[in-house]
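As a plain string of letters, each chain reads:
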Amino acid sequence: MKKILAFESAEEAVFFEPVISRMMKRLDTYKKFLEKNFKLTSCPKGVIWTSSELATKLFSSLPIPAYAREDFIYISPDLNAWQDLMVRQLEDKELPEVRAYYEQFGEDELFEILAHELTHYIDLFVDEFDDERTDSIWFEEGMCFYLPRKYGLSKKSFEKITEIEGRLAKAFSEQYDDRSLDDFGAGSYQQSLSGIMFDYWRSYLTVYSLVEKMGGDEQKLFSLYHKWDRTGREMSLTGYFQMNKL
């Protein structure tokens, strides 16, 4: 994958180049892991590293400066901008430990987001980028968080982010828990940042719980997910998993 720097000044590119190089090196290791274990057969052509502003206002109108678009991953390496974004998730909630965690957002957290975007390219997901079907998107998004966290972070960091997002999902459940997980993303980008992120938090936590019930074996869960697709998606994916009493 190519490393593409798209900044408004040469000074920005020079400033962020060291962290970008470290991220690309880690991503290459993770890419090989996905190729060996999770059917990554085709990769994006490159990673476009850019500022948070350009990622959300020029290349896209999405409010989060990390996303995959067909042949490229777009992401900001600006740790300060990520810290600000993550803290803004809290809105007016009094969650001092969560706030402290995100105020220390660093390279491990940035890598996990970068690896999340690459995980979207594995062939184990049954829908494509331009597919109109959306009834399993929560599973893909949740798994794209789960795999980088489990296999790209230390056990301690993996457990910590799971705890943090569990707290966030609980804190915002009264506001947003009235919508089905199968409706992931429906109108979410017109909502507040916490409304957008709530779907991601609970998607990850649901996948985490499902994998735990499968004895930690992601491949077993993927097999059940593929069976749901092969048999015609006769019910929602959440309903299908519940029916199988994992």
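All of the points below concern the structure found in this document. (Residues numbered from 1 in each chain as written. Predicted model: local features only at pLDDT ≥ 70, side-chain atom pairs only at ≥ 80, totals over all residues. Heavy atoms only, no water.)

## With respect to the overall build of the chain
Stage number 1. Looking only at helices and strands, the chain has ten helices and four strands in total.
Stage number 2. The N-to-C order of helical and strand elements in the chain reads β-α-β-α-β-β-α-α-α-α-α-α-α-α.
Stage number 3. For 246 residues, the compact-globule estimate of 2.2 N^0.38 gives 18 Å, and the C-alpha radius of gyration of the chain, at 18 Å, lies within 12% of that figure.
Stage number 4. Seen along its three principal axes, the alpha-carbon backbone of the chain occupies a region of about 55 × 45 × 35 Å.
Stage number 5. Out of the 246 residues belonging to the chain, those deemed buried represent 50%.
Stage number 6. Partitioning the contacts of the chain with sequence separation of at least 6, the portion at a separation of at least 24 is 69%.
Stage number 7. A total of about 12200 Å² of accessible surface is found on the chain, and carbon and sulfur atoms cover 49% of it.
Stage number 8. Mean positive and mean negative side-chain charge positions of the chain (31 and 44 charges, respectively) differ by 6 Å. (Helix = DSSP H or I, 4+ residues; strand = E, 2+ residues; numbered from the N terminus. Rg over C-alpha atoms; globule rule 2.2 N^0.38 Å. Buried < 20%, exposed > 50% of the residue type's maximum accessible area, 1.4 Å probe, protein only. Contact = heavy atoms within 4.5 Å. Areas by Shrake-Rupley, 256 points an atom, 1.4 Å probe, with all protein chains shown as cover. Lys, Arg positive; Asp, Glu negative; His and termini not counted. Charge placed at Lys NZ, Arg CZ, Asp CG, Glu CD.)

## A word on the sheet that holds strand β3 (residues 66–69)
Stage number 1. Spatial ordering of the open sheet is given by β1-β2-β4-β3, a layout of four strands whose pairing is mixed. Here the strands that pair on one side only, and so sit at the sheet edges, are β1 (2–6) and β3. The average angle at which neighbouring strand axes cross in this sheet is 20°, direction not considered.
Stage number 2. Summarising the sheet, β3 and strand β4 (residues 72–75) pair through four bridges and their orientation is antiparallel. What sits directly across from Ala68, in β4, is Ile73.
Stage number 3. Relative to the sheet, helix α5 (residues 107–119) contacts β2 (46–50), β3 and β4, its axis offset from that of β4 by approximately 155°. (Pairing = 2+ DSSP bridges. Axes fitted to C-alpha atoms, helices over the stretch in contact; angles between N-to-C directions.)

## Some words on unusual backbone geometry
Stage number 1. The phi torsion at Glu91 lies on the positive side, around 50°, for a residue other than glycine.
Stage number 2. Tracing the sequence through the fold places Glu91 in the loop between α3 (79–88) and α4 (96–103).
Stage number 3. Of note in this structure, Arg233 is not a glycine but carries a positive phi near 50°.
Stage number 4. Take Arg233: it is sitting in the loop between α9 (218–230) and α10 (237–243).
Stage number 5. For Arg233, a relative accessible area of 12% translates into the label buried.

## Considerations on the pattern of salt bridges
Once the charged atoms of two side chains with opposite charge are near each other, the side chains can pair.
Stage number 1. On inspection of all chains with the given rule, the structure shows 16 salt bridges.
Stage number 2. Measuring nitrogen to oxygen at the nearest pair gives 2.9 Å for the salt bridge that ties Lys3 to Glu17. With a gap of 14 residues between them, Lys3 in strand β1 and Glu17 in helix α1 (residues 10–37) connect regions that are remote in the sequence.
Stage number 3. On the basis of relative accessible area, Lys3 is assigned to the partly exposed category, the value being 36%.
Stage number 4. Among the salt bridges present, the one from Asp229 reaches Arg233, with a minimum N-O distance of 2.9 Å.
Stage number 5. By relative accessible area, which is 22% here, Asp229 ends up partly exposed. (Salt bridge = Lys/Arg side-chain N within 4 Å of Asp/Glu carboxyl O.)

## Considering α3
Stage number 1. Turning to α3, its buried residues number three or more, namely Trp82, Gln83, Leu85, Met86 and Val87.
Stage number 2. Elements in contact with the buried residues of α3: β3, β4, α4, α5 and α8 (193–213).
Stage number 3. For α3, the side-chain oxygen to backbone nitrogen distance between the N-cap and Asn80 is 3.1 Å, and the N-cap itself is Asp78. (Polar contact = N/O pair within 3.5 Å; in protein donor to acceptor, adjacent residues only side chain to side chain.)

## A word on the packing of aromatic side chains
Within a pair of aromatic rings, the relevant descriptors are the distance that separates the centres and the angle that separates the planes.
Stage number 1. Per the counting criterion, the structure on display carries 31 aromatic pairs.
Stage number 2. Their ring planes at 55° and their centres at 5.9 Å tell us that Phe125 and Phe222 sit as a pair that is tilted. One end of the pair, Phe125, is in the loop between α5 and α6 (137–152); the other, Phe222, is in helix α9, with 97 residues separating them in the sequence.
Stage number 3. Take Phe222: its relative accessible area is 1%, and that puts it in the buried class.
Stage number 4. With 6.1 Å between their ring centres and 85° between their planes, Trp138 and Phe241 make a pair best called edge-to-face. Of this pair, Trp138 sits in helix α6 while Phe241 sits in helix α10, placing them 103 residues apart in sequence. Accessibility classification places Trp138 together with Phe241 in one group, the buried group. (Phe/Tyr/Trp six-rings, centres within 6.5 Å; stacked < 30°, edge-to-face > 60°.)

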